[in-house]
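Architecture at a glance
Below, each chain spelled out in residue letters.
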Amino acid sequence: MKRKLRSGMSASLLAVAACVALHSPHSLAARDAQTILKETCQGCHTPEADNGLSRISHQRKTPEGWLMSIARMQTMHGLQISDDDRRTLVKYLADSQGLAPSETDGVRYALERRLNTVEHFDDQTSQMCGRCHSGARVALQRRPAQEWERLVNFHLGQWPSLEYQALARDRDWFDIARKDMVPLLAKRYPLDNPAWKKWQSAAPKADALVGDWSFSGHLPGKGELAGVMTVSADGSDTFKVSVKGQYADGSPFNGDGSAILYTGYEWRGNVTIDGVTMRQVFAAQGNAMQGRMFEAEHDERGLDFVAAKQGSNRLLAVQPGYLKAGSETEVTLIGSGLTGKPNFGKGVEVVEVVEQSPERIKVKLKAAANAQPGLRAVTVGTLKGPSLSVYSKIDAVKVVPEFSVARIGEGGGSTPKVQGRFDAEAWGKGADGKPYRIGVFPAQWKVEAFDDRAKEDEDVKFAGTMQADAGVFTPGDAGPNPARKMSTNNAGNLKVIAAVDDAGKSLTGEGHMIVTVQRWNNPPIP
Ligand code: HEC
Ligand code: HEC
């Protein structure tokens, strides 16, 4: 391999780097970001005009992106930095060289750690860049062409065998990366973007987030929940957080913690619910927060979360979001500033308002026996947003996620098991013959061998257990299993089957789950 790493760094600077690496973090007092950049990074990164530093000043990324870059400086280049200084720097860089909210649209699943997401990038990007890590890791950065090129050089320099791995032998990876990918990336993800300039000048102040938030959520395997999150200021851009809520089945969802705001909207919290630490990864803008809250040790156990600041006017959700023609049921509207009469559209009558406050309205609904199947826009006064599904019969059941990865773990090792967590979605057929989503239904769950191979290897017996009434799959222990052929591990290839009952008729849906080995390398952005 004759290709050289051209990273904008000279050999003499790398010599300085060795000295820097020997320095231990010298001060216990908090240092400001400029001082850290000067004293800790400048040894390797060349000073430029306007207080700039080579490489560092020509990129924008998320807080997780900055954290990963600096962590790489530590693991690969011998950078010594205290955790405090690293935190200060990540905050400063994410604030001054972050991404505008619109620049993270569509790829937030990577930050929210929805690891079962099936990505849809163009073929070239998927094959060239999306085989080792997510395409989102790429889409969550902004650089000029020269910096995209240095990134390509860094890849090949750092992993020279790259061209022989990851199905890359059929092409000249380096050539395509430089000639095709660099211009494409520079155009698609440019450093200079009016959206970022605009966000920097117009971003709301962090203290606008202080107050009570009405929230709605959904946890696969458990159901819907709602409550109030109270946010109080605790320093600049840092907050105390307390959550008081309830699942639809009445069980509590209460806890306390803290949060920090990056880039004016990237909300990252740690809240302990019932002794379990949960991370919050939200986009917080003005009166709205949205994202995912998941267990720190088990990011597969997480809930979709949406919140509205109390005092604002917003309708967030209807729980549950469906109603059968000819039947009566109680539904709850969640939001903020809910005044006036709720309306659920044609064929749906409000029988009784059971409870009404600005944050929630509980009503008893009745759908006419001949109500047309389909979606109804729900309104409260002038507020709208969510919809209610009216159905007369379930047409199909879908397992969500349709494709997923669970992982064996423990078994004497320190890596926890990664569960499979599923929802059974019922779908109806509208008057126009088009399918529409009714909502998540209770189901009976089981797994079966995905193919003959899986049947022969008895994957169902070894790969783990499905909780029949919850759609939660817990994989088997890690390590060799003497009971299996060749003492192989407990990996497996399974069908996930949900059976939903619709007035005595059972309908089934099917998903696919691979139970595989531990994920050894688990960076913040997959
Ligand atoms: C010991 C030398 C050394 C120190 C100290 C160092 N870096 Fe680097 N840095 C490098 C090298 C070498 C590269 C190019 C290879 C790479 O990207 O890993 C680099 C590249 C980078 C990049 C570009 C990464 C990319 O994806 O293109 C960023 C950002 C960065 N460094 C940030 C920092 C920050 C922030 C600090 C101080 C906390 C720092 N570095 C300190 C050696 C160093
Ligand atoms: C052979 C596997 C492989 C391929 C192919 C690959 N990457 Fe990477 N990439 C990595 C690894 C490993 C890292 C470093 C992760 C870390 O910092 O811990 C990385 C890091 C990155 C980062 C983060 C760098 C930073 O510090 O900010 C970006 C952005 C990136 N890759 C983009 C790309 C693009 C664009 C392509 C396609 C042209 C690509 N990658 C192809 C393995 C790969």
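The structure under discussion appears in the preceding block.
Residues numbered from 1 in each chain as written. Chains lettered and ligands numbered in written order. Predicted model: local features only at pLDDT ≥ 70, side-chain atom pairs only at ≥ 80, totals over all residues. Heavy atoms only, no water.

On to the nonpolar core, then. One finds M128, L140, W148 and W173 to be the most contacted residues of the largest nonpolar core, which totals 36 residues. Mapped onto this core, the elements with two or more residues apiece are α6 (108–111), α7 (123–129), α8 (135–139), α9 (145–158), α10 (173–188), α11 (194–202) and β10 (276–285). Residue contributions to this core peak at 8 residues, all from α10. When residues of this core are assigned to domains, at least three fall in each of domain 2 (104–201) and domain 3 (206–309). (Core = buried A, V, L, I, M, F, W, Y, C linked by side-chain atoms within 4.5 Å. Buried < 20%, exposed > 50% of the residue type's maximum accessible area, 1.4 Å probe, protein only. Helix = DSSP H or I, 4+ residues; strand = E, 2+ residues; numbered from the N terminus. Domains from an automatic or database assignment.)

The next subject is the site of ligand 2. Contacts to ligand 2 come from 18 residues, most closely from R72, C129, C132, H133 and H155. Residue Q141 places a side-chain N or O atom 2.7 Å away from an oxygen atom belonging to ligand 2. Those elements giving two or more residues to the shell around ligand 2 turn out to be α3 (63–77), α7, α8, α9 and α10. Counted by class, the shell around ligand 2 contains 9 nonpolar, 5 polar and 4 charged residues. A domain split of the shell around ligand 2 shows at least three residues from each of domain 1 (11–98) and domain 2 (104–201). (Near = heavy atom within 4 Å. Polar contact = N/O pair within 3.5 Å; in protein donor to acceptor, adjacent residues only side chain to side chain. Nonpolar A, V, L, I, M, F, W, Y, C, P; charged D, E, K, R; others polar.)

Let's shift gears to the pattern of salt bridges. Considering all chains together, one arrives at 35 salt bridges under this definition. Notably, a salt bridge pairs R188 with D122, separated by 2.8 Å at the nearest N-O pair. Here the residue R188 occupies a position in helix α10, and D122 occupies one in the loop between α6 and α7, the gap between them amounting to 66 residues. In this structure D122 comes out as partly exposed when scored by relative accessible area, which is 29%. D170 is paired through a salt bridge with R171; the nearest N and O atoms lie 3.0 Å apart. What makes D170 exposed here is its relative accessible area of 58%. Here the salt bridges share partners, and the residues they tie into one network are R55, R143, E147 and R150. (Salt bridge = Lys/Arg side-chain N within 4 Å of Asp/Glu carboxyl O.)

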